[in-house]
Amino acid sequence: MLTTTACALLFSASAQVNNNDNFWQQRSSTVSGGLELGIPLGEFEHTWGSTVYGISANIAMPMRNLPLEFGYDFSWGRMGSEYSTPRASGGLLSAVQQQSVDVKSNIYGHHALARLNPLRGNVRPYGEVMLGARNFVTRSTVTTPEGVTDDERDGSWVTSYGWAVGLMYGIGRQVFVEGRVERLFNGKVDYVDPRTIEIANDGSVTYEKLNSRTESLQIQVGVGLRF
């Protein structure tokens, strides 16, 4: 019974894709997003060496009838975090009235892209060149018992460029799934080492910094929309 149902679903999906072949012959703008896995390479692997998990999104618009598209790619990745409700000395009352301290280290990517997307149809491989910047940010947020927050940011920007290859597969008239691999090249930058973040009893935050190139391989899977 389960096998029969699975076969019926696959047949239905295949028929739907075939019915949409004519629609997928047209050029159109796309927007997509999904999960991203960042793998450090080179000096970044030696200095930092941990996989970065996050999300990504991009939008691309065709250049008339040419097989070229231009757009923008955004990414966010979490390097590490620390959370604490430190207890100040001074008795039982002060132990109840606690503030919370939340520290997060993130990477934000902002890249313009030029995409070569020559094929039409429900299967579309493409290649890109990318140019932009990445922002390494550590944000410390202190929240008092009254709900008042105070933020402190420590961030650095670094120029970034690279290339990407991807594949779109249409699963409906306007919906597609997408797999994508990016190779990013970055210069040297100072960034917080989340493994060294410490929150003291008085709520103060200390950490150490690393300095290195931050080249990486970004692997993305997600879904998109044609419009």
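**Considering the sheet that holds strand 5 (residues 123-143)**
1) Next: Strand order around the closed barrel formed by eight strands is 1-2-3-4-5-6-7-12, with antiparallel pairing between neighbours. Across the sheet, the mean angle separating the axes of adjacent strands is 25° when strand polarity is ignored.
2) Next: With 21 bridges connecting them, strand 5 and strand 6 (residues 149-170) associate as antiparallel partners. Paired with Glu128 across the two strands is Ala164, which belongs to strand 6.

**Considering the confidence of the model for the chain**
1) Next: Looking at the chain, pLDDT values average 84 and 83% of them are 70 or higher.
2) Next: Counting interchain partners and residues more than four positions distant, the pLDDT-below-50 stretch residues 1-21 has nine contacts.
3) Next: Taken as a whole, residues 92-96 scores under 50 in pLDDT and shows three contacts with residues more than four places along the chain or in a different chain.

**Side note on the pairing of strand 2 (residues 52-62)**
1) Next: The pairing of strand 1 (residues 30-40) with strand 2 spans nine bridges and is classified as antiparallel. From the neighbouring strand, Gly34 faces strand 2, where its bridge partner is Ser56.
2) Next: Direction of pairing for strand 2 relative to strand 3 (residues 68-84): antiparallel, over a ladder of 10 bridges. Bridge pairing links Tyr53 to Arg78 in strand 3.
3) Next: The turn joining strand 2 and strand 3, which pair antiparallel and follow one another in sequence, is formed by five residues; a positive phi near 55° is taken by Arg64.

**Describing the side chain of Asp154**
1) Next: Relative to the elements of secondary structure, Asp154 occurs in strand 6.
2) Next: A polar contact is formed between the side chain of Asp154 and the side chain of Tyr207, at a distance of 3.0 Å.
3) Next: Setting aside residues up to four positions removed in sequence, Asp154 forms contacts with Phe136, Val137, Thr138, Val192, Tyr207 and Lys209.

**Considering the pattern of salt bridges**
1) Next: With the rule as written, the count across this model stands at 12 salt bridges.
2) Next: Across the pair Arg115 and Glu69 runs a salt bridge whose closest N-O atoms are separated by 3.5 Å. Of this pair, Arg115 sits in strand 4 (residues 100-116) while Glu69 is found in strand 3, placing the two residues 46 residues apart along the sequence. Of the two residues, Arg115 and Glu69, both sit in the buried class.
3) Next: Connected through shared salt-bridge partners, Glu69, Asp73, Arg115, Glu128, Arg180 and Glu182 make up one network.

**Some words on the side chain of Gln218**
1) Next: Within the element layout of this structure, Gln218 appears in strand 12 (residues 216-226).
2) Next: You can call Gln218 buried: its relative accessible area is 5%.
3) Next: In terms of polar contacts, Gln218 uses its side chain to reach the side chain of Ser216, at 2.7 Å.
4) Next: With sequence-adjacent residues up to four places away left out, Gln218 is seen in contact with Glu36, Leu37, Gly38, Ile39, Arg134, Arg180, Val181, Glu182 and Leu184.

**What about the environment of Ser32?**
1) Next: When you line up the elements, Ser32 lands in strand 1.
2) Next: Its relative accessible area of 6% is what places Ser32 among the buried residues.
3) Next: In this structure, the C-alpha to C-alpha distance between Ser32 and Glu178, residues 146 residues apart in sequence, is 7.8 Å.
4) Next: Ignoring anything within four residues of it in the chain, the contact list for Ser32 reads Ser56, Ala57, Asn58, Phe176, Glu178, Val223 and Gly224.
5) Next: Within polar-contact distance, the side chain of Ser32 engages the side chain of Glu178 at 2.6 Å.

**Overview of the packing of aromatic side chains**
1) Next: Under the criterion given, the structure shown has five aromatic pairs.
2) Next: Here the aromatic rings of Phe44 and Tyr191 are separated by 5.7 Å at their centres, their planes lie at 90°, and the arrangement is edge-to-face. Taken as a pair, Phe44 in helix 3 (residues 42-47) and Tyr191 in strand 8 (residues 188-192) lie far apart in primary sequence, 147 residues in all.
3) Next: With a relative accessible area of 2%, Tyr191 lands in the buried category.

**Section: the pairing of strand 4**
1) Next: Pairing analysis gives 16 bridges linking strand 3 to strand 4, with the strands arranged antiparallel. By the bridge assignment for strand 4, Arg78 is matched with Asn106.
2) Next: Taken together, the 17 bridges between strand 4 and strand 5 define a ladder with antiparallel strand orientation. Note on strand 5: the bridge partner recorded for Arg115 is Glu128.
3) Next: What sits between strand 4 and strand 5 in their antiparallel hairpin is a turn of six residues, with Gly121 showing a positive phi close to 125°.

Calculation notes
Residues numbered from 1 in each chain as written. Predicted model: local features only at pLDDT ≥ 70, side-chain atom pairs only at ≥ 80, totals over all residues. Heavy atoms only, no water. Pairing = 2+ DSSP bridges. Helix = DSSP H or I, 4+ residues; strand = E, 2+ residues; numbered from the N terminus. Axes fitted to C-alpha atoms, helices over the stretch in contact; angles between N-to-C directions. pLDDT = per-residue confidence, 0-100. Contact = heavy atoms within 4.5 Å. Polar contact = N/O pair within 3.5 Å; in protein donor to acceptor, adjacent residues only side chain to side chain. Salt bridge = Lys/Arg side-chain N within 4 Å of Asp/Glu carboxyl O. Buried < 20%, exposed > 50% of the residue type's maximum accessible area, 1.4 Å probe, protein only. Phe/Tyr/Trp six-rings, centres within 6.5 Å; stacked < 30°, edge-to-face > 60°.

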